[in-house]
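# Overview (structure and organization)
In case you want the letters, here they are:
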Amino acid sequence: MKKLFFILAALLLSVSALAQRPSWNGGGLYFGDTIVLGDFYDMNSARSNHFAIDAFGVVVPLAPSGIVDFRANLRYTYDNLFFKDKMTLVSGINGVPVATPLLGDAIKKSKLRFHTVSLPVGFAVNPGKVSIGALIAPGLVFGSSTKYKAPKTKGDISRYNQFSLRLEGVVSYDGYGVYVNYGFQPLFEDGIYGDNARLLTIGAVVGF
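Below is a summary of the structure that appears in this document. Given the structure is predicted, the values throughout are model-derived calculations rather than measurements. (Residues numbered from 1 in each chain as written. Predicted model: local features only at pLDDT ≥ 70, side-chain atom pairs only at ≥ 80, totals over all residues. Heavy atoms only, no water.)

The pairing of strand S1 (residues 23–25) with strand S3 (residues 49–61) spans three bridges and is antiparallel. By the bridge assignment for S3, Ser23 is matched with Val59. In this structure, strand S2 (residues 29–37) lies alongside S3, joined through five bridges in antiparallel fashion. Bridge pairing in S3 places Gly32 opposite His50. The sheet contact formed by S3 and strand S4 (residues 68–82) spans twelve bridges and is antiparallel. Along S4, the bridge assignment pairs Ala52 with Thr77. Hairpin remark: S3 followed by S4, antiparallel, with six residues in the connecting loop; positive phi at Gly66, about 75 degrees. (Pairing = 2+ DSSP bridges. Helix = DSSP H or I, 4+ residues; strand = E, 2+ residues; numbered from the N terminus.)

This is the structure in structure tokens:
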């Protein structure tokens, strides 16, 4: 992880040496449907979703025309993953998440949630009002929890990967577009069920 941050710092320095005058970027809003890839519990992909917001950022033109630029943003991401079956996860021995069935007809939905803060950085090509971008987003997962109802019940989950690394591609026109986001980092630590499960999100973006 330290090597990655050194690489990003070197990238920022090299970009600043080549760049034109930077401008502030208000960021964007991202809404998407999420699929869990790899070995994991049966998830309801039709209901699982992804929300992200770029709090603020900077755009650095790499040419006087602005047709190519470098971008960096501070982003909050919320991944909301619904289980297909009536089940949830509870922390077992050494904090290992354990699948537990939920009994009763009153159980309507059960989900697993992840909260992440990341720093997406990358480049965009901007022919006219069209923008085509590719970004890499290292980040920190600062919380994971479960929730189901009824009655409404919440629980914290441990042994998830606290470091996140995602790759994103965006195509937009006049600030409205679509994006694909892929998580390189598995959801959980090595040796935990889900240690090869990764998130793939496809959705819409406003403000890129």
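Now that the structure has been shown, we can carry on.
On to the pattern of salt bridges. When charged atoms on two side chains of opposite charge get close, those side chains can pair. According to the stated counting rule, one finds five salt bridges in the structure shown. Its salt-bridge partner being Asp54, residue Arg75 comes within 2.7 Å of it at the nearest N-O pair. Residue Arg75 is found in strand S4, and its partner Asp54 is found in strand S3; the two are separated by 21 residues along the sequence. Across this residue pair, the class does not change: Arg75 and Asp54 are buried. With a closest N to O distance of 2.9 Å, Glu168 and Arg75 form a salt bridge. Of the two residues, Glu168 is situated in strand S11 (residues 163–173) and Arg75 in strand S4; the sequence distance between them amounts to 93 residues. When salt bridges with common partners are traced through the structure, they connect Asp54, Arg75 and Glu168 into a single cluster. (Salt bridge = Lys/Arg side-chain N within 4 Å of Asp/Glu carboxyl O. Buried < 20%, exposed > 50% of the residue type's maximum accessible area, 1.4 Å probe, protein only.)

Glancing now at the environment of Lys149. Note that Lys149 resides in strand S9 (residues 130–149). In sequence terms Lys149 and Ala106 are 43 residues apart; their C-alpha atoms lie 7.5 Å from each other. Discounting residues that sit within four places of it in the chain, Lys149 has contacts with Ala106, Ile107, Lys108 and Lys109. (Contact = heavy atoms within 4.5 Å.)

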